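Survey of secondary and tertiary structure
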Amino acid sequence: MSAKFFKSFTIISTIFISLCSVSKADGITFSGGRFDHNDSHARDMVQIDYDFDKTLFGSPIGDFKPVIGFLRTGGDAKYVYAGVRLDYKVLNNSILISPSFTPGIYGKGDAKDLGYGLEFKSQVRVALNLTPTFNIGVAYSHISNASLGEKNPGANNYTLGFQKNF
């Protein structure tokens, strides 16, 4: 990973924490990994999610909550999104499984052209709760335009992330 990539991650993280610290949130998740990992032109990526405390509605398997976030690749592609996640806790709340669906706006920069400005990210994150307010997890996601554009190559991504709850 390049110095420019880490500098961008640090700047984005600082701004994000500053903005989010003025309002009550369930947590902030910082992640790093690979964008379009199964392509020969895979890029490093950073992702920051703002996980709201408000439950939209409950279900027998967990609570549905809003999430917003930002993703940036080493090729300067950017993806800003908002959607919903499901928090499913297992093994006495020691494991958190969080699938999410987040439509958003994608700008390709020098990275992969995903075929359309409106993209949809489906993600599954599995985390180990280390304390009541901190966890570490892995996530796998797919970004696609659902064939809205003339082409729909999609991007498969993985990350390792840390979530801090407030």
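Keep in mind that what you see is a predicted model, and the values were worked out from it rather than measured. (Residues numbered from 1 in each chain as written. Predicted model: local features only at pLDDT ≥ 70, side-chain atom pairs only at ≥ 80, totals over all residues. Heavy atoms only, no water.)

Along the chain, A127 falls in strand β7 (residues 118-131). Residue class for A127 comes out buried when judged on its relative accessible area of 2%. Measuring from C-alpha to C-alpha, the distance between A127 and V138 comes to 6.4 Å, with 11 residues separating the pair along the chain. If we skip the residues at most four places from it in the chain, A127 touches S94, I95, L96, N135, I136 and G137. (Helix = DSSP H or I, 4+ residues; strand = E, 2+ residues; numbered from the N terminus. Buried < 20%, exposed > 50% of the residue type's maximum accessible area, 1.4 Å probe, protein only. Contact = heavy atoms within 4.5 Å.)

This paragraph deals with the layout of surface pockets. The space that makes up the largest pocket amounts to roughly 240 Å³. Along the walls of the largest pocket sit 14 residues, with D26, D87, K89, L96 and N165 positioned nearest its centre. Where the lining of the largest pocket is concerned, the elements lending two or more residues are β4 (62-73), β5 (78-90), β7 and β9 (155-165). No other element matches the three residues that β5 contributes to the lining of the largest pocket. Here the lining of the largest pocket is built from residues that sort into two nonpolar, six polar and six charged. (1 Å grid on protein atoms, 1.4 Å probe; cavity = no way out; pocket = protein on both sides within 12 Å on 5 of 7 lines; lining within 4 Å. Points joined across faces, edges and corners; volume = space filled by probe spheres on them. Nonpolar A, V, L, I, M, F, W, Y, C, P; charged D, E, K, R; others polar.)

In this section: the pairing of β4. Regular strands place side chains that alternate from one sheet face to the opposite one. β4 sits mainly inside the fold: nine of its 12 residues count as buried. Of the strand pairs in this sheet, strand β2 (residues 43-51) and β4 are connected by seven bridges, and their pairing is antiparallel. Bridge pairing links D49 to G69 in β4. Of the pairings in the sheet, the one linking strand β3 (residues 57-59) to β4 comprises three bridges and is antiparallel in character. Residue pairing across strands places G58 opposite D63, the latter belonging to β4. Between the antiparallel neighbours β3 and β4 lie two residues. (Pairing = 2+ DSSP bridges.)

Glancing now at the pairing of strand β8 (residues 134-144). Strand direction decides the pairing type here: β7 and β8, joined by 11 bridges, are antiparallel. Bridge pairing links V124 to Y140 in β8. The turn linking β7 back onto β8 is made up of two residues.

Under the counting rule described, the total for this entry stands at six aromatic pairs. Centroid distance Y50 to F52: 4.6 Å. Interplanar angle 80°. Geometry classified as edge-to-face. Note on F134 and F162: the rings are 6.2 Å apart at their centroids and 15° apart in plane angle, and the pair reads as stacked. With F134 in strand β8 and F162 in strand β9, the pair connects residues that are 28 residues apart, well separated along the chain. (Phe/Tyr/Trp six-rings, centres within 6.5 Å; stacked < 30°, edge-to-face > 60°.)

Before going further, it helps to spend a moment on the environment of N93. Here N93 is to be found in the loop between β5 and β6 (95-107). N93 sits in the partly exposed class, given a relative accessible area of 47%.

Tallying each qualifying case throughout the model produces one cavity of 30 Å³ or more. Taken as a whole, the largest cavity holds about 140 Å³ of empty space. Taken together, 15 residues line the largest cavity, and the ones lying closest to its centre are D49, D51, R85, Q123 and R125. Looking at the lining of the largest cavity, the elements with two or more residues in it are β2, β5, β6 and β7. Considering each element in turn, the lining of the largest cavity owes the most residues, four residues, to β6.

No statement about biological role is implied by the geometric values presented.
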